[in-house]
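# A structural walkthrough
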Amino acid sequence: MCNIIMDTNKISNEKLVEMLPDIFSILTEEQTGLILSNIQIQEYLQNDIIYQEGEMPAHLLCLLCGKVKIFKNGAGGRSQIMRVMNAVEYFGFR
């Protein structure tokens, strides 16, 4: 469980702005409001697949807490870990 966020449904806009300063610090108030009104917070369990190799993610994804392994499937059904991400990092597009 994440020690920063105990209930992902109750994250305030102020907390999000505080957690993601690299994006929100360069935006105007109007742009910040637009992003905050369209943001979706999704919780995943260990070993859940967020998206698969070959799929095109529809959104910019940001890991608020925990870890994500980015891997690609290799020969013989083996996986090769390409990158391990920690909180707060963006992913989804490369």
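Residues numbered from 1 in each chain as written. Predicted model: local features only at pLDDT ≥ 70, side-chain atom pairs only at ≥ 80, totals over all residues. Heavy atoms only, no water.

### Quick look at a nonpolar patch on the surface
Our working rule: Surface patches are drawn from residues lacking salt bridges whose relative accessible area is over 30%; two like charges belong together within 9 Å, two nonpolar side chains (Val, Leu, Ile, Met, Phe, Trp, Tyr) within 5 Å. In short, Shrake-Rupley with a 1.4 Å probe defines the accessible areas, and a residue's cover is counted only from the protein chains shown. Salt bridges are defined as contacts in which a side-chain nitrogen from Lys or Arg sits within 4 Å of a carboxyl oxygen from Asp or Glu. The secondary structure listing takes helices from DSSP runs of H or I that are at least 4 residues long and strands from runs of E that are at least 2 residues long, numbered from the N terminus. Under the scheme applied here, a residue whose accessible area is under 20% of the maximum for its type counts as buried, over 50% as exposed, and between as partly exposed, the area being computed with a 1.4 Å probe on protein chains only.
Taken together, the side chains of Phe 71, Ile 81 and Val 84 present a nonpolar region at the surface, about 260 Å² in accessible area. Considering the arrangement of structural elements, one finds Val 84 in strand S3 (residues 79–86). Classification of Val 84 as partly exposed rests on a relative accessible area of 42%.

### Side note on the environment of Ile 35
Under the convention used in this document: Between two residues, a contact is recorded if the distance between any of their heavy atoms is within 4.5 Å.
Looking at where Ile 35 falls in the secondary structure, it is placed in helix H3 (residues 29–38). It is 9.1 Å that separates the C-alpha atoms of Ile 35 and Phe 24, two residues lying eleven residues apart in sequence. When neighbours within four sequence positions are excluded, Ile 35 is seen to be in contact with Phe 24 and Leu 27.

### Remarks on the nonpolar core
As a reminder, the rule being used: Grouping buried Ala, Val, Leu, Ile, Met, Phe, Trp, Tyr and Cys residues that are joined through side-chain atoms within 4.5 Å yields what is termed a nonpolar core.
Core analysis: the largest hydrophobic core is formed by seven residues, namely Ile 11, Leu 16, Met 19, Leu 20, Phe 24, Leu 36 and Leu 64. Leave out the neighbours within four places in its chain, and Leu 36 touches Asn 13, Leu 16, Val 17 and Phe 24.

### Regarding unusual backbone geometry
Along the chain, Ala 87 connects to Val 88 via a cis peptide bond; the corresponding omega equals -20°. Within the element layout of this structure, Val 88 appears in the loop between S3 and strand S4 (89–91). Not every positive phi belongs to a glycine, and Asn 47 is a case in point at roughly 75°.

### A look at the confidence of the model for the protein
As a general rule, the predicted coordinates of low-pLDDT regions are not to be interpreted in detail. The cut-off we apply is this: Per residue, pLDDT measures the predictor's confidence, with a range of 0 to 100.
Summing up the model confidence of the protein, the mean pLDDT is 81 and the portion of residues at 70 or higher is 87%. Note that pLDDT drops below 50 for residues 1–8; the model gives that stretch ten contacts with residues more than four away or on any other chain.

### Thoughts on the pairing of strand S2 (residues 67–73)
For clarity, the threshold we go by: When DSSP finds two or more bridges between a pair of strands, those strands are recorded as paired.
Pairing between S2 and S3: seven bridges, direction antiparallel. Bridge pairing links Lys 69 to Val 84 in S3. Joining the antiparallel neighbours S2 and S3 is a turn of five residues, in which Gly 76 adopts a positive phi near 75°.

### Some remarks on the environment of Asn 73
Residue placement: Asn 73 occurs in strand S2. By relative accessible area, Asn 73 is classed as exposed at 51%. Between the C-alpha atoms of Asn 73 and Glu 53, which are 20 residues apart in sequence, the distance is 7.8 Å. The residues contacting Asn 73, other than those within four sequence positions of it, are Glu 53, Arg 78 and Ser 79.

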